[in-house]
Amino acid sequence: MNIPDSAIPGDYAQAVCKIGQGAACCRYVVGGPHGLECAKHTPELAAEINRRVAAGAFTAQGDNCEGLKAEVQDPGLQ
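The rules behind these values
- Residues numbered from 1 in each chain as written.
- Predicted model: local features only at pLDDT ≥ 70, side-chain atom pairs only at ≥ 80, totals over all residues.
- Heavy atoms only, no water.
- Pairing = 2+ DSSP bridges.
- Helix = DSSP H or I, 4+ residues; strand = E, 2+ residues; numbered from the N terminus.
- Core = buried A, V, L, I, M, F, W, Y, C linked by side-chain atoms within 4.5 Å.
- Buried < 20%, exposed > 50% of the residue type's maximum accessible area, 1.4 Å probe, protein only.
- Contact = heavy atoms within 4.5 Å.
- Polar contact = N/O pair within 3.5 Å; in protein donor to acceptor, adjacent residues only side chain to side chain.
- pLDDT = per-residue confidence, 0-100.

With that settled, the discussion passes to the pairing of strand β2 (residues 35-38). Of the pairings in the sheet, the one linking strand β1 (residues 29-32) to β2 comprises 4 bridges and is antiparallel in character. Bridged to G31 within β2 is L36.

Printed below as a string of C-alpha cells:
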C-alpha cells in the first residue's frame, strides 16, 4: 500500500499539528483514506480551508508549519 507524503504520522500530528488543541490545531489537517493528511499543498482545498477560517467556520486556526510535504523533504527531520 502506498501512503502519500501528505499522510501525517501520529507523533507529528500531536507535536506539530496540535490535534485536539482547539484554535492551536492546524487548519490544514484533513481526514483521508490513509488517516490524517496535510492539505496545505493541495491548492483548491487549501484555498477553501482558508476561506472558511476567515469566515469563522473553523475551530482550528493554526498554520503550524510549511506543510507536511515540505517538512518530510527536510533532511534535518530524518
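With that out of the way, let us pick up the nonpolar core. I8, Y12 and C17 are the most contacted members of the largest nonpolar core, which has 14 residues in total. At the level of elements, α1 (10-15) and α2 (43-54) are the ones that each hand at least two residues to this core. In terms of residue count, α2 provides more of this core than any other element does, 3 residues in total. With residues up to four places along the chain from it excluded, the contact list for C17 reads I8, Y12, A24, C25, C26, V29 and N64.

The residue E37 is located in strand β2 in this model. Among the polar contacts made by the side chain of E37, one reaches the side chain of S6 at a distance of 3.4 Å. Not counting residues up to four positions away in its chain, the partners in contact with E37 are P4, S6, A7, I8, Y28, V29, V30 and G32.

Our focus in this paragraph is the confidence of the model for the protein chain. On average, residues of the protein chain score 86 in pLDDT, and 85% of them are at 70 or above. Across the protein chain, the element-wise mean pLDDT spans from 57 in helix α3 (residues 68-73) up to 96 in α2. The low-confidence segment residues 72-78, where pLDDT is below 50, has 3 contacts with residues more than four positions distant or belonging to other chains.

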